[in-house]
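Next come the chains, spelled out residue by residue.
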Amino acid sequence: MQALTELLAIVMILLNFRLLGGSRLKACIQALAIQALVLNILPVLANFSRDPWVITLVIGSTLIKAVLLPALLMQAINKTGVTNEVKPIIGYTRSLLIGAAMLALCALASRALKVPFSDAEQLLVPVSLFTILTGAFLLVARRKAINQVLGFLVLENGVYLFGVTFAVSEPWLVQMGVLLDVLAAVFIMGIIIYHINREFGDIDIDRLSNLKD
Amino acid sequence: MIWILIALPAICGVLVFLPLIGRLTRTILVGAAAAHLSLVLLIWIARMVDVTPLLATTGLPTGALSIPMEAAGGWLGIDHLSLLVLTISSLLFMGASLYSLGYLGPERKQRIKALTDELHVNNQPDAMFAACLLMFLSATTVVATARHLGILWVAVEATTLATTPLIYFHRNRHSLEAAWKYLLLCSVGIAMALLGNFFLAVATAQGSGGELELLLPELQRHAGSMSPNWLRAAFLLMLVGYGTKMGLAPMHAWLPDAHSEAPSPVSALLSGALLNCAFLAILRMLGVLDAAEMGDFGRKMLVGFGLLSMLWAAAMLIFQTDFKRMLAYSSVEHMGILALGAGIGGIAATGSMFHALNHSLTKAALFLVAGNILARYKTKNIPDVRGLLSTMRGDAVLWIAGILAITGAPPFGLFTSELMILRGIVSDGHWIIAVAFLLALAIAFASMLWTLTRMTWGKVPEGIQLQDSSIRSMFSSSVPAVLLAGVLALGIWTADPVWRVVQAAAAVIGGNGGAQ
């Protein structure tokens, strides 16, 4: 179990780098979907329980995070016709380098945050922090609105990874509520992206800069 | 009782989409608002009136008339802090829904042109508007009554989702930009708060052997044995997360855009009701820190963010040329005052609770009046709006009164509450904070008053076509007038029940004192 957990943690890290260095939106969305899948396997390995609600939750969140949300993003891509981001605010090579620095930072920071659980789970602290930082970075370093939603979802994945691994006593009702909120948020974001595309003929958020002081 | 408060607006929000009932959209909106408000008033009466002698005479068993203040196995409950936030939200919702009766009618004509896209499944634009408003009220009620931090989070995020379509109501580029910024920034902020929730769960696992559910009473009972590091990190994440939603600087970037681009009744609700909800979430977490005897750490953070927000907003107010943005920045400033007051504690915390009430009523009234001005002048540009007193006398008087009230001029309620906060600061000997507090207030006072004089007196500039205010209804001016009268009343003489609830609410967050 331990070896598998470590392997999946490494997969998570690699997927983050894929997101940081990828310019094709479809590939990024695929990476996001795989990440969501890994995300749902990890807690099952960490503290496996046959509680019906745990299984329901895992199935439900896999469905929402790995299928529905990527599908919504794919639909946004198809509707707007934007397939890749050519000129991001921070270039792809530099993004990867910053990603490496962020990973080191997370490894250092997680030393201070000792979780009161086993060592296998301790490994997931830097991984989830790194995922959160990757998401935050994508939010500020990319121009296309879809990429921003992607960043938000990666960030959310990181938070979720931390939650399902460590906050095990969170009742399923709350977890489900969180998932539904995210789903609704992305749904509304998709609608707004569609409107941005129609109004401006593009989804560069640079164009959204009319409001300022 | 709590279930009815939550379910009533939610059910009405679904009802307005039904084809036949949909015609009654406005009736449903106002009806739900009135029912919600009267239920909240019922809770007040239940709190204030002792029914035991009445029961004795009628022969009913004791407790026959009592209203249960808890629901869902302790996940929801009404304490005094809840009651205060709930009352503010409910009152403002009543006002905003009455106001939007006049506001919605004629604007519909303009909107029909823009309504060719498929976003609206229903061809009644009012239905979407009313549904979002009602969902917002429902989510707000959950926020106010939540005792489980997880549910609290879900509800705060739900308020974001319900208000985003409202901000994009006008369907132009500006409101699109505002809605996008609002949804994205607040969602990311709130995700941080979720991480804070999880950190808190880890913190509880430290001493007690197992993790606790994030129920407030549970958390407070076991706070002593939590891991201090995780608890501190949890508070910081929640402060940043919910602080984004509350509009504390430097996380306030979405606020001026959203508040200036939303339709005026929505702006009133955003400023008056929504920001308080986020503040409530921070206060709940502060309660946990208090129980762990780490309240000082949390309070210092609140003071820091509070002062920064006040000074930042004051600086932005100086050269403001858009009167709705001016009101929005004033909201940032007042959120700073609330955070500062809660951070100082003691009488300042009581002042902070009182200030929340005063600010909400005043700011809502101001946004509604701003809506009237906007409809008449068709511009938000301050230099283009002149001669209010000659063109719309009634609204001009309300505008003057509102601006005076919001800048803390006596005899309005905000003067009293700001004075209480100042007394709290000074009596603790924080002279530097007192100077910064007064400086920010003075800058805001001067710049808003300067704007006020430019707008009210003088002649209408050439080239500005005054529109016939066809959106006016009997509520356009009377609702803000009533709200402002309330603030005036709070300043002159605070009714005893109101005062008791304010004090009890402050006691929840460790405040005390404050004679009437």
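Just so you know, these numbers come straight off a predicted model, no measurement behind them. (Residues numbered from 1 in each chain as written. Chains lettered and ligands numbered in written order. Predicted model: local features only at pLDDT ≥ 70, side-chain atom pairs only at ≥ 80, totals over all residues.)

To continue, consider the overall build of chain A. Each helix and strand in chain A was counted, giving 8 helices and 0 strands. Ordered by position from the N terminus, the helices and strands of chain A form the series α-α-α-α-α-α-α-α. Scaling as 2.2 N^0.38, a compact globule of 213 residues should have a C-alpha radius of gyration of about 17 Å, and chain A matches this with 18 Å. With respect to the principal axes defined by its C-alpha atoms, chain A has extents near 50 × 35 × 35 Å. When burial is assessed residue by residue, chain A has 41% of its 213 residues classed as buried. (Helix = DSSP H or I, 4+ residues; strand = E, 2+ residues; numbered from the N terminus. Rg over C-alpha atoms; globule rule 2.2 N^0.38 Å. Buried ≥ 20, exposed ≤ 12 C-beta atoms within 10 Å, placed from the backbone.)

Right, let's talk about the overall build of chain B for a bit. Within chain B, the secondary structure is distributed over 20 helices and 2 strands. Taking 24 Å as the expected radius of gyration for a compact globule of 516 residues, we find that chain B reaches 22 Å, a close match to that expectation. C-alpha atoms of chain B, sized along the principal axes, occupy 70 × 60 × 50 Å. Every one of the 516 residues in chain B was classed for burial, and the buried ones make up 58%. At a minimum sequence separation of 6, the contacts of chain B that also span at least 24 residues come to 80%. (Contact = placed C-beta atoms within 7 Å.)

Let us now look at the packing of helix 9 (residues 228-246) of chain B against helix 11 (residues 264-291) of chain B. The angle between the axes and the distance between the axes are what describe a pair of packed helices. Residue and element names in this part refer to chain B. In the contact formed by helix 9 and helix 11, the axes pass within 8 Å of each other and the chain directions differ by 170°. Taken together, the axes of helix 9 and helix 11 are roughly antiparallel relative to one another. Contacts between helix 9 and helix 11 involve L231, F235, M238, L239, Y242, G243, K245 and M246 from the former and L275, A278, F279, A281, I282, M285 and L289 from the latter. Class assignment for the residues of the contact of helix 9 with helix 11 results in 13 nonpolar, 1 polar and 1 charged. (Axes fitted to C-alpha atoms, helices over the stretch in contact; angles between N-to-C directions. Parallel < 35°, antiparallel > 145°, perpendicular 65-115°, else oblique. Nonpolar A, V, L, I, M, F, W, Y, C, P; charged D, E, K, R; others polar.)

It is worth spelling out the interface of chain A and chain B at this point. Counting from both sides, the interface comprises 33 residues of chain A and, opposite them, 32 residues of chain B. Residue assignment for the side of chain A that touches chain B shows that the elements contributing at least two residues are helix 7 (145-166) and helix 8 (172-200) of chain A. Sort the elements by how many residues they give to the side of chain A that touches chain B and helix 8 of chain A lands first, with 13 residues. Looking at the side of chain A that touches chain B residue by residue, the classes come out as 22 nonpolar, 6 polar and 5 charged.

All names here are of chain B. Axis separation between helix 16 (residues 393-406) and helix 18 (residues 431-456) bottoms out at 10 Å; the angle between their running directions is 170°. Between helix 16 and helix 18, the interaxial angle falls into the category roughly antiparallel. Contacts between helix 16 and helix 18 involve A396, W399, I400 and I403 on the former and, on the latter, M448, L452 and T456. Residues that form the contact of helix 16 with helix 18 fall into these classes: 6 nonpolar, 1 polar and no charged.

In an α-helix, one full turn covers 3.6 residues, which means residues spaced three or four apart are oriented alike. Residues and elements named next belong to chain B. Here helix 13 (residues 323-344) spans 31 Å end to end across 22 residues, near enough to the 32 Å set by a 1.5 Å rise per residue. Within helix 13, 22 of the 22 residues are buried, leaving the element largely enclosed by the surrounding structure. The first or second residue beyond helix 13 is G345, which carries a positive phi of 80°. (Expected span 1.5 Å × (residues − 1).)

Turning next to the environment of A291(B). Residues and elements named next belong to chain B. Note on placement: A291 falls in helix 11. Since 18 C-beta atoms lie within 10 Å of it, A291 is described here as partly exposed. The spacing of A291 and M192 is 99 residues in sequence and 23 Å in space, taken between C-alpha atoms. Those residues in contact with A291, other than ones at most four positions away along the chain, are Q220 and A223.

This part covers unusual backbone geometry. All names here are of chain B. P250 follows A249 through a cis peptide bond whose omega is 0°. Locating P250 in the fold gives a position in the loop between helix 9 and helix 10 (254-261). Here P410 and P411 are connected by a cis peptide whose omega angle stands at 5°. Locating P411 in the fold gives a position in the loop between helix 16 and helix 17 (413-427). A positive phi angle is found at E293, which is not glycine, with a value near 60°. By secondary structure assignment, the location of E293 is in the loop between helix 11 and helix 12 (295-318). Accessibility expressed as a C-beta count within 10 Å gives 11 for E293, which makes it exposed. Positive phi outside glycine occurs at K378, with the angle close to 55°. Within the element layout of this structure, K378 appears in the loop between helix 14 (347-377) and helix 15 (388-391).

Mean pLDDT over chain B works out to 87, with 91% of the residues at or above the 70 mark. Residue range residues 109-124 of chain B is modelled with pLDDT below 50. Its contacts to residues more than four positions away, or to other chains, number 12 contacts. (pLDDT = per-residue confidence, 0-100.)

Let us look at the environment of A146(B). Mapped onto the elements of the fold, A146(B) is located in the loop between helix 5 (125-145) and helix 6 (149-167). C-alpha separation for the pair A146(B) and L194(B), spaced 48 residues apart in sequence, amounts to 15 Å.

As a further point, take the environment of G463(B). Residue and element names in this part refer to chain B. Relative to the helices and strands, G463 resides in the loop between helix 18 and helix 19 (474-492). Of the residues examined, G463 has 6 C-beta atoms within 10 Å and is grouped as exposed. For the pair G463 and D384, spaced 79 residues apart in the sequence, the C-alpha separation amounts to 9.1 Å.

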